[in-house]
Amino acid sequence: MKFIDSHCHLDFSEFDANRESLINACVAKGVSQFIVPGISLAQSQKLLEFKATYPQIRIAAGLHPYFLEQHQQSHLESLYNFAKTNKTQLVAIGECGLDRSIFNLEKQTFLFEHQIALANELELPLIVHHRQSHDLIAQSFKRCRPKNGGVIHAFSGSIQQAHYYIKQGFKLGVGGVITYERAAKTRAVIAKLEPQHLVLETDSPSMPLSGYQGEVNTPLHIPNVFDALYGLKPNSDKFQLAEQLYDSCSDVFCI
Ligand SMILES: [Zn+2]
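Keep in mind the model is a prediction, meaning the values are calculated, not measured.

1. Examining the UniProt feature "binding site: a divalent metal cation 1" (unreviewed entry) in the protein chain
Piece 1. UniProt records the feature "binding site: a divalent metal cation 1" (unreviewed entry) at H7, H9, E95 and D203, using the numbering of this structure. A maximum C-alpha distance of 11.3 Å among these annotated residues, which run over 197 residues, shows that they cluster at one spot. Within the annotated group, the residues that form the lining of the largest pocket are H9, E95 and D203.
Piece 2. Position of H7 relative to the elements: it lies in the loop between strand 1 (3–5) and helix 1 (19–28).

If you want it as structure tokens, here you go:
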């Protein structure tokens, strides 16, 4: 079986000591491709070099709401120019989105909607971050409709919200959260969705799986996330499920 980690921050310093051996170990386990999102202008620009060093890595460019204080208004224009010049190197615009735990939703909304417009102009999908913000994201999508879909990273929401995003052309990112018994609501929603609407992710180095709390998460755990997903879909064929998830990811990012 082969897998793609559709969302991992392999450029973060947590991996400085063992990045190359980690990537080799992942490839040996069947995790053969990695999507690394952009989080700021400077880091998105740096990812180009990163991609040149590690051929299994695909990159996106974006301004993540977590790093809101770093983002200047001028960064949008720079991001636009950077993404336009390097369009063939990018698989998506993001990670962008709206996060209610971060102060200044007005600035977040401004940056998010401009990144949707940028993705539309470059005909690229989006990698969308959310936290308690499905209602606000839907409002932004109304004002600025994404034309090329993308991924709702670390989806947790109701079945209605899942169907809404699928209708907008999005896939839902499924990560370590489904390995926790307490995530009963998300597990129940994911269990009901067809695999062609789902993509696997780890969000490394964050979001450790159940049993690995306190450890640095890595894409080596993608097969564990897959096993947990398979556990939610006991009537499916395991190999076919892996293939559908792989195709779903390669489909949305055109890789
Ligand atoms: Zn992320």
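2. What to know about the side chain of Q168
Piece 1. Here Q168 is to be found in the loop between helix 6 (159–167) and strand 7 (170–174).
Piece 2. Judged by relative accessible area, Q168 falls into the buried class, the value being 17%.

3. So, the nonpolar core
Piece 1. Ranked by size, the top nonpolar core spans 65 residues in total, and within it L10, I57, L172, I190 and L193 carry the most contacts.
Piece 2. The contacts of L10, once residues within four sequence positions are left out, are F15, R19, L22, I23, F34, V36, F50, I57 and P219.
Piece 3. Residues I4, A92, V151 and F253 belong to the second largest nonpolar core, which totals 12 residues.

4. So, the packing of helix 5 (residues 134–143) against helix 6
Piece 1. Remark: helix 5 packs on helix 6, axes separated minimally by 12 Å, with the N-to-C direction vectors making an angle of 25°. By the angle between their directions, the pair helix 5 and helix 6 is classed as roughly parallel. At the point where helix 5 passes helix 6, the crossing takes the left-handed sense. Residue-level inspection shows H134, I137, A138 and F141 of helix 5 in contact with helix 6, the latter providing Q161, Y164 and Y165.
Piece 2. Its residues assigned to classes, the contact of helix 5 with helix 6 comprises five nonpolar, two polar and no charged.

5. Things to note about the pattern of salt bridges
Piece 1. In this structure the tally under the stated criterion is seven salt bridges.
Piece 2. The salt bridge partner of K171 is D251, with a shortest N-O separation of 3.6 Å. Of the two residues, K171 sits in strand 7 while D251 sits in helix 9 (residues 238–253), which places them 80 residues apart along the sequence.
Piece 3. Take K171: its relative accessible area is 12%, and that puts it in the buried class.
Piece 4. The partner of K238 in a salt bridge is D227, and the shortest N-O contact between them spans 3.5 Å. Of this pair, K238 sits in helix 9 while D227 sits in helix 8 (residues 222–232), and the two are 11 residues apart along the sequence.

6. Concerning the packing of helix 8 against helix 9
Piece 1. Remark: helix 8 packs on helix 9, axes separated minimally by 11 Å, with the N-to-C direction vectors making an angle of 120°. Considering the relative orientation of helix 8 and helix 9, their crossing is right-handed. Residues F226, D227, L229 and Y230 of helix 8 touch helix 9, and the partners they reach there are K238, L241, A242 and L245.
Piece 2. Considered class by class, the residues forming the contact of helix 8 with helix 9 number six nonpolar, no polar and two charged.

7. Observations regarding the coordination of the zinc ion
Piece 1. Within the protein, the zinc ion binds to H7 (NE2), H9 (NE2) and E95 (OE); these donor distances fall in the range 2.1 to 2.2 Å.
Piece 2. In terms of primary sequence, the donors binding the zinc ion are separated according to H-x1-H-x85-E. Pair noted here: H7 is in the loop between strand 1 and helix 1 and E95 is in strand 4 (residues 90–99), with a separation of 88 residues, a long-range link. Each member of the pair, H7 as well as E95, carries the same accessibility label: buried.

8. Thoughts on the environment of G176
Piece 1. Of note, G176 is situated in the loop between strand 7 and helix 7 (184–192).
Piece 2. G176 sits 27 residues away from G149 along the chain, and the two C-alpha atoms are 23 Å apart.
Piece 3. Setting aside its immediate chain neighbours within four residues, G176 contacts E201, L209 and V225.

9. Here's the deal with empty space enclosed by the protein
In this approach the atoms are scanned with a rolling probe the size of a water molecule, which exposes any empty space left behind.
Piece 1. Across all of its chains, the model carries one cavity of 30 Å³ or more by this definition.
Piece 2. In this structure, the largest cavity occupies an estimated 30 Å³ of space.
Piece 3. Lining of the largest cavity is provided by K2, F3, I4, L200, A242, L245, Y246 and C249.
Piece 4. When residues of the lining of the largest cavity are traced back to their parent elements, those giving at least two are strand 1 and helix 9.
Piece 5. At four residues, the largest contribution of residues to the lining of the largest cavity is made by helix 9.
Piece 6. Split by residue class, the lining of the largest cavity holds seven nonpolar, no polar and one charged.

Definitions and limits used
- Within every chain, residues take consecutive numbers counted from 1 along the sequence as written.
- pLDDT decides what is reported in this predicted model: residues at 70 or higher carry local features, side-chain atom pairs at 80 or more are listed and counted, and totals for whole chains, interfaces and linings draw on all residues regardless.
- The basis for every side-chain value is the complete set of heavy atoms in the structure, and neither hydrogens nor water enter the calculation.
- UniProt positions are given in the numbering used here, feature names are shortened, and annotations may be inferred rather than shown by experiment.
- Each cavity reported here is a set of points on a 1 Å grid over the protein atoms alone in which a 1.4 Å probe fits but cannot get out, each pocket an open set with protein on both sides within 12 Å along at least five of seven lines, and each lining residue one with an atom within 4 Å of a point.
- The helix and strand labels rest on DSSP assignments: H or I over at least four residues marks a helix, E over at least two residues marks a strand, and numbering proceeds from the N terminus.
- Between buried and exposed lies partly exposed: a residue is buried under 20% and exposed over 50% of the maximum accessible area for its type, with that area taken using a 1.4 Å probe on protein chains only.
- The term nonpolar core refers to a set of buried residues drawn from Ala, Val, Leu, Ile, Met, Phe, Trp, Tyr and Cys, joined through side-chain atoms within 4.5 Å.
- It only takes one pair of heavy atoms within 4.5 Å for two residues to be counted as in contact.
- Working convention: axes come from line fits to C-alpha atoms, limited for helices to the stretch in contact. Angles between N-to-C directions cover 0 to 180 degrees.
- Roughly parallel means an angle under 35 degrees; roughly antiparallel, over 145; roughly perpendicular, 65 to 115; everything else is oblique.
- Helix crossings get a hand from a simple test, with the near helix turned counterclockwise from the far one by less than a right angle marking a left-handed crossing and a clockwise turn marking a right-handed one.
- Polarity classes work like this: nonpolar for Ala, Val, Leu, Ile, Met, Phe, Trp, Tyr, Cys and Pro, charged for Asp, Glu, Lys and Arg, and polar for all others, with Gly in that last group.
- Salt bridge, as applied in this entry: a Lys or Arg side-chain nitrogen positioned within 4 Å of an Asp or Glu carboxyl oxygen.
- For Na, K and Ca the donor cutoff is 3.2 Å, while for all other metals N, O and S atoms count as donors only within 2.8 Å; water does not appear among the atoms, so some sites may look incomplete.
- Grid points are joined across faces, edges and corners, and a volume is the space filled by probe spheres set on the points.

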